[in-house]
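The lines below spell out each chain.
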Amino acid sequence: MNMLKTTMLLAALTALFMALGFTIGGTGGAMIALVIAGGMNLFTYWNADSIVLKMHGAREVDARSCPEFVGLVAGLARRANLPMPRVYIIDSEHPNAFATGRDPAHAAVAATTGLLGMLDRDEIEGVMAHELAHVRNRDTLIMTMTATIAGAISMLANFGMFFGGGRDRDGGQVLATILAMFVAPFAAMIVQMAISRSREYGADRGGAEISGKPRALASALAKLARGAAHIPNPVVDRNPAAAALYIVPGMRRGGDSLFSTHPATDNRIAHLESIANEMGVLTPSPNFAAMPSSRGMGKASVPKARRRASALDPNRRG
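This write-up is about the structure you can find in this document. (Residues numbered from 1 in each chain as written. Predicted model: local features only at pLDDT ≥ 70, side-chain atom pairs only at ≥ 80, totals over all residues. Heavy atoms only, no water.)

### Some thoughts on the overall build of the protein
Inference 1: When you go through the protein residue by residue, the secondary structure sums to nine helices and four strands.
Inference 2: Listing each helix as α and each strand as β along the protein from the N terminus yields α-β-α-β-β-β-α-α-α-α-α-α-α.
Inference 3: For the protein, the proportion of its 318 residues judged to be buried stands at 51%.
Inference 4: Summed over its atoms, the accessible surface of the protein is roughly 14400 Å², and 62% of this surface lies on carbon and sulfur atoms. (Helix = DSSP H or I, 4+ residues; strand = E, 2+ residues; numbered from the N terminus. Buried < 20%, exposed > 50% of the residue type's maximum accessible area, 1.4 Å probe, protein only. Areas by Shrake-Rupley, 256 points an atom, 1.4 Å probe, with all protein chains shown as cover.)

### Points about a nonpolar patch on the surface
Inference 1: On the surface, Leu42, Tyr45 and Trp46 cluster together into a nonpolar patch covering about 340 Å² of accessible area.
Inference 2: Within the secondary structure, Trp46 sits in helix α1 (residues 2–56). (Patch = residues over 30% accessible without salt bridge, like charges linked within 9 Å, V, L, I, M, F, W, Y side chains within 5 Å. Salt bridge = Lys/Arg side-chain N within 4 Å of Asp/Glu carboxyl O.)

### A closer look at the pairing of strand β2 (residues 86–90)
Inference 1: Burial analysis of β2 places four of its five residues in the buried class, the great majority of the element.
Inference 2: Two strands pair when backbone bridges link them, and strand β1 (residues 59–61) and β2 are joined in this way by three bridges, in the antiparallel orientation. In the strand pairing of β2, Glu60 is matched with Tyr88.
Inference 3: Sheet analysis places β2 next to strand β4 (residues 108–112), joined by five bridges and oriented parallel. Paired with Tyr88 across the bridge in β4 is Ala110. (Pairing = 2+ DSSP bridges.)

### Things to note about the packing of aromatic side chains
Centre distance and the angle of the planes are the two values used to describe a pair of aromatic rings.
Inference 1: In this structure the tally under the stated criterion is one aromatic pair.
Inference 2: With a centroid separation of 6.1 Å and 50° between ring planes, the pair formed by Phe98 and Tyr246 is classed as tilted. Here Phe98 is found in strand β3 (residues 97–100), whereas its partner Tyr246 is found in the loop between α8 (234–238) and α9 (265–279), with 148 residues between them in sequence. When sorted by exposure, Phe98 lands in the same class as Tyr246, which is buried. (Phe/Tyr/Trp six-rings, centres within 6.5 Å; stacked < 30°, edge-to-face > 60°.)

### Remarks on the pairing of β4
Inference 1: Across the five residues of β4, five count as buried, placing the element largely inside the fold.
Inference 2: Side chains Ala108, Ala110 and Thr112 of β4 all project onto a buried face; the interleaved residues Val109 and Ala111 project onto the opposite face, where all are buried too.
Inference 3: By the bridge criterion, four bridges tie β3 to β4 in an arrangement that is antiparallel. Counted as the bridge partner of Phe98 is Ala110 from β4.

### Examining the nonpolar core
Looking at soluble globular proteins, one finds that nonpolar side chains tend to be buried together.
Inference 1: In terms of nonpolar packing, the biggest core is built from 43 residues, with Phe69, Leu115, Leu119, Ile124, Val127, Met128 and Leu224 touching the most fellow members.
Inference 2: The residues contacting Val127, other than those within four sequence positions of it, are Ala97, Leu115, Leu119, Leu217, Ala220, Leu224 and Ile247.
Inference 3: Counting 16 residues, the second-largest nonpolar core is a separate cluster that includes Ala108, Ala110, Val235 and Ala243. (Core = buried A, V, L, I, M, F, W, Y, C linked by side-chain atoms within 4.5 Å. Contact = heavy atoms within 4.5 Å.)

### Things to note about helix α2 (residues 67–79)
Inference 1: Here α2 spans 18 Å end to end across 13 residues, near enough to the 18 Å set by a 1.5 Å rise per residue.
Inference 2: Residues of α2 that are buried: Phe69, Val70, Leu72, Val73, Ala74, Gly75, Leu76 and Ala77.
Inference 3: Positive backbone phi, at 60°, marks Asn81, one or two positions downstream of α2. (Expected span 1.5 Å × (residues − 1).)

### Quick word on the pattern of salt bridges
Inference 1: Under the counting rule described, the total for this entry stands at 13 salt bridges.
Inference 2: The partner of Asp49 in a salt bridge is Arg86, and the shortest N-O contact between them spans 2.5 Å. With a gap of 37 residues between them, Asp49 in helix α1 and Arg86 in strand β2 connect regions that are remote in the sequence.
Inference 3: Between Glu273 and Arg215 there is a salt bridge, with the nearest N and O atoms lying 2.7 Å from each other.

### Looking at the packing of helix α7 (residues 214–230) against α9
Inference 1: Their axes nearest at 8 Å, the elements α7 and α9 cross at an angle of 170°. Considered as vectors, α7 and α9 are oriented roughly antiparallel to each other. Residues Pro214, Arg215, Leu217, Ala218, Leu221, Ala222 and Ala225 of α7 pack against Thr265, Arg268, Ile269, Leu272, Glu273, Ile275, Ala276, Asn277 and Met279 of α9. (Axes fitted to C-alpha atoms, helices over the stretch in contact; angles between N-to-C directions. Parallel < 35°, antiparallel > 145°, perpendicular 65-115°, else oblique.)

Note that every value here comes from positions in space, so none of it alone points to a role or purpose.
This is the structure:
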């Protein structure tokens, strides 16, 4: 069923891409758009992991260079019955994580140094279990491909604004091109956001099941959402579509609105609380409302108990 949904979503975005090409260049434009979309799909399928990792300047680590973090991921992968993914660290204060790769055999997971310095071990375990759930659910490929095509639709619409439609003397093509310039990116964005939101809930459940610590994941989400809203993310500044890849949005968002890349954090926490009850987890729920704000994020915003030196934090911030 998941593969069917993936195929239908990619087909919808490809059809949208072709419709925009037709609006700008007629039948020839539609065929060119089809060829471009096919080429992008093939290229992204084989290179999804390298595209995303290079975009973030991620560096691969192993059991020698980062033993505790890699060991944590290895233990989670065994519990999830997954091949061991490649593990990457991104040198960025922005606290976030993501998974990528075309299938479980070619998967990679990455976390920023900001995340590793902000969370405790249980919370990091919950986050990485969430990312491995994306791998197990085969979400990583569709999320990367959708972000790529959505970005291309916006680019093609901008191209049409400058170069399309001027040849039609009655002005009809000009009007159609202007309309497509606004409608096509808007529609692509809706599809992209819908994909991301629905899959985040599934990965939260999978992460809770893999780690066995749904409330630790909920605690991590509360901290990360605050931090990500206040610490700049240059990757999202350059490419807003990348926000859909992360465990929390790379910028401040509202609730479960049409334009949010993720479900509202409060809703995800409530979802995880219900999962904890289903699993019979007896650990008390953290008081999320009492957690410190990440405004002006830095060491002072992280509780002292979380600021101890840890082998999970490559920068050894204490």
